[in-house]
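Summary of the model geometry
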Amino acid sequence: MTDYRRIAEALEAVSQTRGKLAKIERLAAALSRVDDTDLVVGARLLAGSAFAEWEETVTSVGWATAARAASAVTGWDLETIGACAGAIGDLGEAIALLLEVPAGPPLSISDVDVFCRRLAGLRKAAEKQEALEGALRRCWPVEAKYFLKTLSGGLRIGADVTTVEEAVAEAFGADREAIARARRDCGDIGETAKAAKEGRLDEIQFRLFHPIGFMLASPIEEASELSGELPLFAVEDKFDGIRAHVHKQGGRVALFSRTLDEVTAQFPDVAASLAAAPGAFLLDGEIVAWSGDRPESFFRLQRRLGRKAPAPEILAEIPAVFIAFDCLFRDGEALFETSWEERRRRLEAIGGGLRVSAASSAASPEELETLFVAARARGNEGLVLKARDSLYQAGKRGRAWRKWKKATATLDVVVTAVEQGHGKRAGMLSDYTFAVREGEALVNIGKAYSGLSDEEIRTMGNHFRKITVARYGPVRAVAPEVVLEVAFDTIQKSNRHKSGYALRFPRIVRLRPDKRPSDANTLQDVRELFEQLSGR
Amino acid sequence: MSDWLSPFLEPRPTGLYAPAFDAFVDPPAACPRAILSHAHADHAASGHGEIWATAETIAFYRRRHPEWPGQARVLALGDRAEERGVALEVFPSGHILGSAQLRFSDASSSLLYTGDFKRRPGRTTLPAQTPRASVLLTEATFGLPVFRFPPRAEVEVRLTAACREAFAAGQTPVVLAYALGKAQEAALVLSEAGIPQVLHGAAWKLLPEYEAAGFRLPLARPYEAGAAASGEALIVPPRCARTPIVQNVKRRRVIYLSGWAVRSAARADFDADVLLPLSDHADFPELLDHVVAVGAERVVAHHGFAEDFARILEGRGHRAQALTGAIERGAEDS
């Protein structure tokens, strides 16, 4: 039985280590010290979750629940807990600093597994809080810090599951590629680590109905970026819907979203039509709202979302279809390691009424531009380019796939609140909420995460700390004086923000120190843009 | 709330005014007469007409402002200055060399202004004293319970060990420490361990005042004489973390020496490898201890987490309030 403290201390050491290789070394050392019986969960915890990726399980312990549990365990009132979280920049870390070393038996890896599974199974906040209190009472400070990070879904130590893959390779002398393949196929770094240690990675086979990661495309800004390489790429329309993987065998169909959540129940019409296609397969594609012979905008589809099972009326009003563009598994054979061209051939051969995206090619940037205009005219977002000889790199954003879409417009907005980012941006005030003007007031219209350099974020962070006017948990309201230029894909009506509108995919283009808040765009500007963009 | 401080101090937009002495206490900008608790720049603004302070603080002030034409009056430990029926006494605050707490008193009441302080011993400071007072105006830089610092001796051992590990890995240890106080204490620790130091000019130029107080740094040399060589530790202020003096040291191990080092985020903020919570300020338990030891009937907190600290004190049965809206400063010294 291995103590959880080993895992927590290893994660702390990784967070304090510079450089990927040194981090891998520390993770590998930790892996080799975990008992065989705890290796599956231990490897998962080193990667940031108690669960296998295929389990689609999250503990979803919110900020308030964690703060209340910490209050009960430490005896500090909620206001003080909140102030401490603000001062330290992270609630879990603040709670760890408030805890004393507990008496009692050490927490084992399997104890943590049990706690996480219990928390995931509970629905009521009060029950979650009680379970969390029980766990925190047994945690050493360093354990609490990483336990809470694990529950919140982000370790933020500069290492992710692919770093752990490398550590598994190092610890158990296994082949790096074989490990990546095995993890993709079984959807579990824990199972992969165990198999690697026991020398039976090749026994792991892809199984249908276990979700796997999506291959993602890197953006390009101009057609000319690819000019010389253009003939190497196939060109498809970029659909404005929800990316999904379809697993199908016999009469069973499962749809998984990019977050690896199963969404089959939300799309009974899509699932039913796919059940008619012959054989077993795993397809990659996009669910889009459909009208007559063309796709409709994402906003139409969005009206169907957020419901576990949509009512028949809405299914009739907004029909959806699955447009397949890749085939990753076919009748017992995994195709991840075959070329796009071969996978495309297999996809086209399925038949049975399956809707398949059209693929073409462009010999020059001018031809690509023509295809782009045509895709937009068909109601799609832009283009995706796929290297014809490329393999399917599950869960990776590579250069084998490129996407080209154009931002429609930019707005000058005023920052009204900031909060800490995640991952690489942990501890930095990198997430900005921003507003447009409405008379003398400001109304929020969106929130964006990136676009500035780390240096700019750091400088701005110091400034935002100085102009903070109030704190609400992790959020700092700031004096409205910083103007940003944000680009976005389009505007939609939304109740989320006070303006009544929301920007889709907003990103910060640049700081506008040359502008004052009074120069920012107005809500009227937004209304006009909305009319313009939705009237296409 | 301001009446809690009367008749000794009045919060004004330009600072804390002491009417009996027609002076401001640690004012953020130049004024005709200032009473200074210590020489950190955020308490000792330049250009005052006249300063009242301890001899060490005056010496630091003159060193930092060599052209300053003003007058200085020494407030010695144990002396009393009296004006208009109010007495002013100074007591060691344990923050940096020469730092003082100020006690104002008349026939009926008294007020203790802590300035910046710590209760644990330092290498270059007199131990903080605990004068009794009916009202306590305390700093609250670390006025939240997350700020609990390990024993100083333990942090000093970790500092030396981090430098030795850096040498063993072929790296230059770069110690980020404030130029007045922290830098010299770090240098003393390293001297004792036989590790030579290269000091940033801002810290180096203050050594005569430390020597006058009896602290010798035989293994220190100024950065101006050349970048750190193998086997030497570089000591620079934290504000230099992202400037060439640090970034040009290709193989480095950056050690951040500050109370703020309890935050992991400090690693990113200062591009640091090692975080060592060594502070010249009281941590949260010390702040509470001081409140209890001074035995004041009323406590006013300012700086840092003043409102939180005042609320926590209220919850513990003290009468406490935060002094807000008055003087907000940057910290030279945390």
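Residues numbered from 1 in each chain as written. Chains lettered and ligands numbered in written order. Predicted model: local features only at pLDDT ≥ 70, side-chain atom pairs only at ≥ 80, totals over all residues.

Another point: the overall build of chain B. The helix and strand inventory of chain B stands at 10 helices and 19 strands. For a compact globule of 334 residues, the expected C-alpha radius of gyration is about 20 Å, and chain B comes in at 20 Å, within 12% of that figure. Every one of the 334 residues in chain B was classed for burial, and the buried ones make up 51%. In chain B, of all internal contacts separated by at least 6 residues, the share reaching a separation of at least 24 is 58%. (Helix = DSSP H or I, 4+ residues; strand = E, 2+ residues; numbered from the N terminus. Rg over C-alpha atoms; globule rule 2.2 N^0.38 Å. Buried ≥ 20, exposed ≤ 12 C-beta atoms within 10 Å, placed from the backbone. Contact = placed C-beta atoms within 7 Å.)

What follows concerns the sheet that holds strand β3 (residues 23-25) of chain B. Residue and element names in this part refer to chain B. The strand order across the open sheet built from six strands is β1-β2-β3-β4-β5-β6, with neighbouring strands paired in mixed fashion. The sheet terminates laterally at β1 (10-12) and β6 (71-74), the two strands that pair on one side only. For this sheet the average axis-to-axis angle between neighbouring strands, irrespective of direction, equals 30 degrees. Across two bridges, the pairing between β3 and strand β4 (residues 33-35) is parallel. (Pairing = 2+ DSSP bridges. Axes fitted to C-alpha atoms, helices over the stretch in contact; angles between N-to-C directions.)

The next subject is the domain arrangement of chain B. Residue and element names in this part refer to chain B. When the domains of chain B are assigned, the result is domain 1 (2-146 + 281-322) and domain 2 (152-276). In this structure, domain 1 and domain 2 have C-alpha centres spaced 29 Å apart. On the domain 2 side, the residues contacting the 16 residues of domain 1 number 14 residues. For the side of domain 1 that touches domain 2, the residue count by class is seven nonpolar, four polar and five charged. (Domains from an automatic or database assignment. Nonpolar A, V, L, I, M, F, W, Y, C, P; charged D, E, K, R; others polar.)

Once that is clear, we can look at the pairing of strand β17 (residues 483-488) of chain A. Residues and elements named next belong to chain A. Pairing geometry for strand β12 (residues 409-420) and β17, over six bridges, is antiparallel. Residue pairing for β17: Leu-411 is matched across the bridge by Val-486. Pairing geometry for β17 and strand β20 (residues 507-511), over four bridges, is antiparallel. Opposite Glu-485, over in β20, you have Arg-510 as the bridge partner.

Once that is clear, we can look at the pairing of strand β10 (residues 110-113) of chain B. Residues and elements named next belong to chain B. Note: strand β9 (residues 100-105) against β10, four bridges, orientation antiparallel. Residue pairing in the sheet places Phe-104 in a bridge with Leu-111 of β10. Once β9 ends, the chain turns through four residues before running back antiparallel as β10. Of the pairings in the sheet, the one linking β10 to strand β11 (residues 135-139) comprises three bridges and is parallel in character. From the neighbouring strand, Leu-111 faces β11, where its bridge partner is Val-135.

This part takes up the interface of chain B and chain A. Each partner contributes to the interface: chain B provides 14 residues, whereas chain A provides 17 residues. Looking at the side of chain B that touches chain A element by element, the count peaks at four residues for helix α10 (residues 306-315) of chain B. Here the side of chain B that touches chain A is composed, by residue class, of eight nonpolar, two polar and four charged.

Now for the packing of helix α4 (residues 63-74) of chain A against helix α8 (residues 125-136) of chain A. Residue and element names in this part refer to chain A. At a minimum axis separation of 9 Å, α4 and α8 run at an interaxial angle of 50 degrees. Taken together, the axes of α4 and α8 lie oblique to each other. With respect to the hand of their crossing, α4 and α8 are arranged in right-handed fashion. On the side of α4, the interface is formed by Thr-65, Ala-66, Arg-68, Ala-69, Ala-70, Ala-72 and Val-73, while α8 contributes Ala-125, Lys-128, Gln-129, Leu-132, Glu-133 and Leu-136. When the residues that make up the contact of α4 with α8 are grouped by side-chain class, the tally is eight nonpolar, two polar and three charged. (Parallel < 35°, antiparallel > 145°, perpendicular 65-115°, else oblique. Left-handed = near helix turned anticlockwise from the far one by under 90°.)

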